[in-house]
Amino acid sequence: GAEGGPFADYVLRQARDGGPVAVFSQQRSRPTWLPTLAEWLIALADHLAAGGTAPPLLHPAGGPAASRADWARVLLDASGCADVAVVGQEPGAQIARRPDDSRLDAAATQRWSDSVGLPPLLDWRQAIRGGS
């Protein structure tokens, strides 16, 4: 979201503390910008309330999949910390175990969403860089 989240807070705190920023670079996910996801969900609710239908499974996501290192690099660059290095962290250092790959395939949801006129989800990289 606009106020950052735990991962963004962690990355920027590490940078402020002098870096480098250590991340689990093997983890891949599909970051999604919360404000446009909220707009999309409201539009979905309006669509359904108006009698529209939806597929039984939806995976809305804005932008491409990324590793934690990719995500950290965009956050650092957008925050004026381009000189701070991103380094890999040992998987054993995780407090909570997470899968290495939790990317959602949003292609079918995006095609359906476009076909019924729901708003597009902003690419997470563009959102971090301050685009709209």
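A few points on the structure. Fair warning: this is a prediction, and the values are worked out from it, not measured in the lab. (Residues numbered from 1 in each chain as written. Predicted model: local features only at pLDDT ≥ 70, side-chain atom pairs only at ≥ 80, totals over all residues. Heavy atoms only, no water.)

**Section: the overall build of the chain**
Scanning the chain from terminus to terminus reveals five helices and four strands. Along the chain direction, N to C, the helices and strands of the chain fall in the order α-β-β-α-β-α-β-α-α. The contacts of the chain with a sequence gap of at least 6 include a subset with a gap of at least 24, amounting to 82%. Only carbon and sulfur atoms are counted for the fraction: they give 54% of the accessible area of the chain, which is about 7700 Å². (Helix = DSSP H or I, 4+ residues; strand = E, 2+ residues; numbered from the N terminus. Contact = heavy atoms within 4.5 Å. Areas by Shrake-Rupley, 256 points an atom, 1.4 Å probe, with all protein chains shown as cover.)

**Considerations on the packing of helix α2 (residues 34-49) against helix α4 (residues 107-116)**
For the pair α2 and α4, the least separation of the axes is 12 Å and the interaxial angle reads 60°. Judged on the interaxial angle alone, α4 and α2 are oblique. α2 and α4 meet at a crossing whose hand is left-handed. On the side of α2, the interface is formed by Trp 40, Leu 44 and His 47, while α4 contributes Thr 109, Trp 112, Ser 113 and Val 116. For the contact of α2 with α4, the residue count by class is four nonpolar, three polar and no charged. (Axes fitted to C-alpha atoms, helices over the stretch in contact; angles between N-to-C directions. Parallel < 35°, antiparallel > 145°, perpendicular 65-115°, else oblique. Left-handed = near helix turned anticlockwise from the far one by under 90°. Nonpolar A, V, L, I, M, F, W, Y, C, P; charged D, E, K, R; others polar.)

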